[in-house]
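# Breakdown of the fold
Okay, here's what each chain looks like letter by letter:
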Amino acid sequence: MPVIKILPHPEYCPQGAQVKAPAGTSICEALLDNGIHIEHACDMSRACTTCHVIVREGLNSLNEAEDEEEDLLDRAWGLEPQSRLSCQAILAQEDVTVEIPKYSINHAKENH
């Protein structure tokens, strides 16, 4: 079962974290299932960028981003070449390391 290493984030996981999730699970689902309450204002329907993460290790093991995801990412705060919407990034068999950006474009957080 792949491991997701989450780098420290002042709000979501100040100490950083490691969670396991089965292949076929999105990064967003895995984080939420393990008590890391990443923003996901559109309820994982690929309609916003609040679940944006930067994949620091293991990017090539994830499914390829579709054009619609790439278009949305253009609006994400802190966009980098390794950026993905965590609701669309599906785990394979390899471990990944992700960073949750300090800010999102969601000025009024939804607190799901």
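So, here's what we can say about the structure.

Each value, and the rule that gives it
- Residues numbered from 1 in each chain as written.
- Predicted model: local features only at pLDDT ≥ 70, side-chain atom pairs only at ≥ 80, totals over all residues.
- Heavy atoms only, no water.
- Salt bridge = Lys/Arg side-chain N within 4 Å of Asp/Glu carboxyl O.
- Helix = DSSP H or I, 4+ residues; strand = E, 2+ residues; numbered from the N terminus.
- Buried < 20%, exposed > 50% of the residue type's maximum accessible area, 1.4 Å probe, protein only.
- Core = buried A, V, L, I, M, F, W, Y, C linked by side-chain atoms within 4.5 Å.
- Contact = heavy atoms within 4.5 Å.
- Pairing = 2+ DSSP bridges.
- Axes fitted to C-alpha atoms, helices over the stretch in contact; angles between N-to-C directions.

Once that is clear, we can look at the pattern of salt bridges. Pairing of side chains with opposite charge becomes possible as their charged atoms draw close. A complete count under the given rule lists 5 salt bridges for this structure. We note a salt bridge from Glu66 to Arg46, for which the minimum N-O separation is 2.8 Å. Here Arg46 lies in the loop between helix H1 (27–33) and strand S3 (52–57) and Glu66 lies in the loop between S3 and helix H2 (67–73), a separation of 20 residues in the sequence. Residue class for Glu66 comes out partly exposed when judged on its relative accessible area of 48%. The class for Arg46 is buried, based on a relative accessible area of 18%. Glu68 is paired through a salt bridge with Arg46; the nearest N and O atoms lie 3.2 Å apart. Placement of Glu68 in helix H2 and of Arg46 in the loop between H1 and S3 is noted, with a sequence separation of 22 residues between them. Because the salt bridges share partners, they merge into one network encompassing Arg46, Glu66 and Glu68.

Moving on, we come to the nonpolar core. Ranked by size, the top nonpolar core spans 27 residues in total, and within it Ile4, Ile6, Ile27, Leu31, Ile38, Val98 and Ile100 carry the most contacts. Of all the secondary-structure elements, those providing two or more residues to this core are strand S1 (3–6), H1, S3, H2 and strand S5 (96–99). If one sorts the elements of this core by residue count, H1 sits on top with 5 residues. In contact with Ile100, other than residues within four places in its own chain, are Ile6, His9, Tyr12, Leu31, Ile36, Ile38 and Val53.

Before going further, it helps to spend a moment on the sheet that holds S5. Taken in spatial order, the 5 strands line up as S2-S1-S5-S3-S4 in an open sheet, and their pairing is mixed. Taken across any chain shown, the strands that pair with only one partner, and hence form the sheet edges, are strand S2 (17–20) and strand S4 (83–85). The sheet shows a mean angle of 35 degrees between the axes of neighbouring strands, taken without regard to direction. In terms of strand pairing, S3 meets S4 through 3 bridges, oriented antiparallel. Within the sheet, the bridge partner assigned to His52 lies in S4 and is Leu85.

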